[in-house]
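Listed here are the chains, written in short residue letters.
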Amino acid sequence: MGLDYIYVKEGNKVADLIEAFKQVKDTKKAVVVHINTQKGKGYKLAEEHKEDWHYCAPFDVETGKPLDSFDGEDFSSVTAQYLLKKMKEDKKVVAITSATPTVMGFTEDKRKEAGRQFVDVGIAEETAVALASGIAANGGKPVYGVAMASALAKGGCKPVFWVLSSFVQRTYDQITQDLCIDSNAATIVTFWGSVYGMNDVTHLGLQDIPMMSNIPNLVYLAPTTKEEYLAMLDWSIDQDQYPVAIK
């Protein structure tokens, strides 16, 4: 592509970063600086328990314990409990995530319990929606996904995809064109909508309603109670007429 390229192997070393940027600061052409970092570098708990520390609220540095605790059920735990039960009753139900399994309550033990009925496509929301569409087009019940569409679709699976509200923008084209033009009956669950505590511009969760409510053929539902939410999941997974998103 005609780009200059510099690789920084020890991306957590400030001195190495300074040296790399010195090399490129006066460049007259496009250059890629590829920096390899380790998330949580320097904090033992984060280095040893990567998934638990992918994201964290304010915590005590000495113990790693959160400063605030919540032991009640929430939409994540309710969803995981519901889907695991649904999976055992119907082997065609497939849960799909794009690298955020715990947002839906699917911790490592629950992923093992779900087995092949759980698919993580990695940080690729577009792939997830395309997968869900392919599964649904062949009679499945998807909750988000893409890469395994062909294999899963042959079995007539039921896809369910969950995604953070603020990440819906990553897969807008797939929702509108891969999923909704053909009215493929996948289920998309959008989590953490509206302002829920985070304050950086990429995670505010304000984008899903104006984007998704205007997509033709998509049914967008917003429950006000746990009971309404579970009823909407039941209806969405069992029907085969519409792509459905649940906020």
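Chemist: Which parts of the structure should I look at to understand the packing of aromatic side chains?
Modeler: For any pair of aromatic rings, the description rests on two quantities: the centre-to-centre distance and the angle between the ring planes. Under the defined criterion, the tally for this structure stands at 8 aromatic pairs. A ring pair is formed by Tyr43 and Trp53, whose centres lie 5.3 Å apart and whose planes are at 75°; its orientation type is edge-to-face. With Tyr43 in the loop between strand E2 (31–35) and helix H2 (44–48) and Trp53 in the loop between H2 and helix H3 (75–89), this residue pair connects regions lying 10 residues apart in the sequence. Exposure remark for Trp53: the relative accessible area of 16% places this residue in the buried category. Aromatic side chains Trp53 and Phe59 sit 4.8 Å apart centroid to centroid with 80° between the ring planes, which places their arrangement in the edge-to-face category.

Chemist: I keep staring at unusual backbone geometry and nothing clicks. Help me out?
Modeler: With glycine set apart, most residues show a phi of negative sign, and most peptide bonds adopt trans. Positioned with a positive phi, Ala99 is a non-glycine residue whose angle comes to about 75°. Considering the arrangement of structural elements, one finds Ala99 in the loop between strand E3 (93–97) and helix H4 (108–114). Positive phi, normally seen in glycine, also occurs at Asn217, with a value near 80°. With respect to the secondary-structure elements, Asn217 resides in the loop between helix H8 (208–212) and strand E7 (219–221).

Chemist: Looking at this structure, how should I read a nonpolar patch on the surface?
Modeler: Nonpolar side chains collect at one region of the surface, where Met1, Leu3, Tyr5, Tyr7 and Val32 lie side by side and expose about 600 Å² of accessible area between them. By the element assignment, Tyr5 lies in strand E1 (residues 4–8).

Chemist: Where do I start with the sheet that holds strand E5 (residues 158–164) in this structure?
Modeler: Sheet strands line up and pair through hydrogen bonds in the backbone, either parallel or antiparallel. Reading across the sheet, the 6 strands line up as E4-E3-E5-E6-E8-E7 and stay open at both edges, with parallel pairing between neighbours. The outermost strands of the open sheet, each flanked by one partner alone, are strand E4 (118–120) and E7. Between one strand axis and the next, the sheet turns through 20° on average, direction left out of account. Where strand E6 (residues 187–191) meets strand E8 (residues 244–246), 3 bridges bridge the pair, whose relative direction is parallel. Note on E8: the bridge partner recorded for Val189 is Ile246. Sheet strands in contact with H3 are E3, E5 and E6, and its direction is about 145° off that of E3.

The rules behind each value
Along every chain, residues carry numbers that run from 1 in the direction the sequence is written. Selection of residues for local features in this predicted model requires a pLDDT of at least 70, selection of side-chain atom pairs for listing and counting requires 80 or more, and totals for whole chains, interfaces and linings are taken over all residues. Water and hydrogen atoms play no part in the side-chain values, which are based on all heavy atoms of the structure. Only the six-membered ring of Trp is used, alongside the rings of Phe and Tyr, when aromatic pairs are assigned; centres must lie within 6.5 Å, and planes under 30 degrees apart are stacked while those over 60 apart are edge-to-face, with the rest tilted. Going along the chain from the N terminus, every DSSP run of H or I of four or more residues is numbered as a helix, and every run of E of two or more is numbered as a strand. Categorising residues by exposure relies on relative accessible area from a 1.4 Å probe, with only protein chains included: less than 20% of the type maximum marks a residue as buried, more than 50% marks it as exposed, and the intermediate range marks it as partly exposed. Patch rule: a residue counts if its relative accessible area is over 30% and it has no salt bridge; like charges are joined within 9 Å, and nonpolar side chains (Val, Leu, Ile, Met, Phe, Trp, Tyr) within 5 Å. Using a 1.4 Å probe, the Shrake-Rupley method yields the accessible areas, and only the shown protein chains count as cover for residues. When a carboxyl oxygen of Asp or Glu is within 4 Å of a side-chain nitrogen of Lys or Arg, the pair counts as a salt bridge. A pair of strands is treated as paired once DSSP finds two or more bridges between them. As a rule, the C-alpha atoms of each element are fitted with a line to give its axis, helices using only the stretch in contact, and angles between N-to-C directions run from 0 to 180 degrees. Contacts are residue-level and defined by heavy atoms, with any inter-residue pair within 4.5 Å sufficient.

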